[in-house]
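# A look at the structure
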Amino acid sequence: MKRIAILFLLLFLLPACSNGIDKEEVQKYADPMVENILQGMNEDNYEKFSKDFGPIMLDALNAENYDGIIKKQIKEIIGNYESKELAKVDKVSQGDEDYIVVIYKATFSKETSDVAVTVYFTEGEDPKIETLLFNSPKLVENAK
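Everything numeric here is computed off the predicted structure, so don't read it as measured data.

This part covers the sheet that holds strand 1 (residues 81-94). Each strand in a sheet pairs with another by means of backbone hydrogen bonds, the pair being arranged parallel or else antiparallel. The antiparallel open sheet is built from four strands, whose spatial order is 1-2-3-4. Looking along the sheet, the strands with just one partner apiece sit at the ends: strand 1 and strand 4 (129-135). Strand-to-strand twist across the sheet, computed as the mean angle between neighbouring axes with direction ignored, equals 20°. Taken together, the eight bridges between strand 2 (residues 97-108) and strand 3 (residues 115-122) define a ladder with antiparallel strand orientation. By the bridge assignment, Tyr104 is partnered in strand 3 with Val117.

Turning our attention to the pairing of strand 1. Relative to strand 2, strand 1 runs antiparallel, the two being bridged by twelve bridges. Looking across to strand 2, one finds that Asp90 is bridged to Val101. Linking two consecutive strands that pair antiparallel, namely strand 1 and strand 2, is a turn of two residues; a positive phi of about 65° is found at Gly95 within it.

Time to look at the confidence of the model for the chain. In the predicted model, the chain carries a mean pLDDT of 86, and the fraction of residues at 70 or more is 87%. Here residues 1-18 is modelled with pLDDT under 50, and outside its nearest four sequence neighbours on either side it reaches one contact, counting other chains as well.

Taken N-terminus to C-terminus, the directions of helix 2 (residues 23-43) and helix 5 (residues 63-78) make an angle of 90°; their axes are 11 Å apart at the nearest point. In terms of orientation, helix 2 lies roughly perpendicular with respect to helix 5. In this structure, helix 2 uses Gly40, Met41 and Asn42 to contact helix 5, whose residues at the interface are Tyr66, Ile70, Ile74 and Lys75. Here the residues of the contact of helix 2 with helix 5 sort into four nonpolar, two polar and one charged.

All right, on to the pairing of strand 3 then. Among the eight residues that make up strand 3, seven are buried, leaving the element largely enclosed by the rest of the structure. Once strand 2 ends, the chain turns through six residues before running back antiparallel as strand 3. As defined by bridge partners, strand 3 adjoins strand 4 across six bridges and the pair is classed as antiparallel. By the bridge assignment, Thr118 is partnered in strand 4 with Leu133. Hairpin remark: strand 3 followed by strand 4, antiparallel, with six residues in the connecting loop; positive phi at Gly124, about 130°.

The topology assignment puts Asn36 in helix 2. In this structure, Asn36 is in contact with Lys48, Phe49, Lys51 and Asp52, ignoring residues within four places of it in sequence.

Our focus in this paragraph is the packing of aromatic side chains. To describe a pair of aromatic rings, one takes the distance between the centres and the angle between the planes. One pass over the structure, following the stated rule, counts eight aromatic pairs. When the ring of Tyr46 is compared with that of Phe49, the centres are 6.2 Å apart and the planes differ by 40°; the resulting orientation is tilted. One end of the pair, Tyr46, and the other, Phe49, are both in helix 3 (residues 46-50), three residues apart, so they sit about a helical turn from each other. The class of Tyr46 is buried, set by a relative accessible area of 14%. On the basis of relative accessible area, Phe49 is assigned to the buried category, the value being 1%. Each residue in the set Tyr46, Phe49, Phe53 and Tyr66 is aromatic and connected to the rest through ring pairs, giving one cluster.

Met41, Phe49, Val102, Phe108, Val117, Phe121 and Phe134 are the most contacted members of the largest nonpolar core, which has 34 residues in total. Elements supplying a minimum of two residues to this core: helix 2, helix 3, helix 5, strand 1, strand 2, strand 3 and strand 4. Discounting residues that sit within four places of it in the chain, Met41 has contacts with Phe49, Tyr66, Ile70, Ile74, Lys75, Phe108 and Phe134.

Rules used in this analysis
Residues numbered from 1 in each chain as written. Predicted model: local features only at pLDDT ≥ 70, side-chain atom pairs only at ≥ 80, totals over all residues. Heavy atoms only, no water. Pairing = 2+ DSSP bridges. Helix = DSSP H or I, 4+ residues; strand = E, 2+ residues; numbered from the N terminus. Axes fitted to C-alpha atoms, helices over the stretch in contact; angles between N-to-C directions. pLDDT = per-residue confidence, 0-100. Contact = heavy atoms within 4.5 Å. Parallel < 35°, antiparallel > 145°, perpendicular 65-115°, else oblique. Nonpolar A, V, L, I, M, F, W, Y, C, P; charged D, E, K, R; others polar. Buried < 20%, exposed > 50% of the residue type's maximum accessible area, 1.4 Å probe, protein only. Phe/Tyr/Trp six-rings, centres within 6.5 Å; stacked < 30°, edge-to-face > 60°. Core = buried A, V, L, I, M, F, W, Y, C linked by side-chain atoms within 4.5 Å.

Here it is as structure tokens:
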């Protein structure tokens, strides 16, 4: 009986530990960085919004195209950010790069369902945001 209990515990705990990510450590840097993005959107403050971007994001979502992408394609549809809750942390590899992927369930003023806010962080001592994605029923419907 002890063997079965130990085996069960190992099978239960291994998947939770297999990605080698300390969710609480990631949350310590991810929460304030994502909050800057979302509050910066509410305030239409590009400097605050992009404060923690890495070079890929700074190039893809620069000050010149912020209004067309964030204001017109995101804020006009789902409204202002209200709150967020950490849903998932994972690690992915793309090419030669490893990223920490953090997904939040967020609420926005014009969206009745949750908005998935997915952020890719570079790994290392000074993580930067390299991908930012928003997904919700209204955004999907508007994209059709």
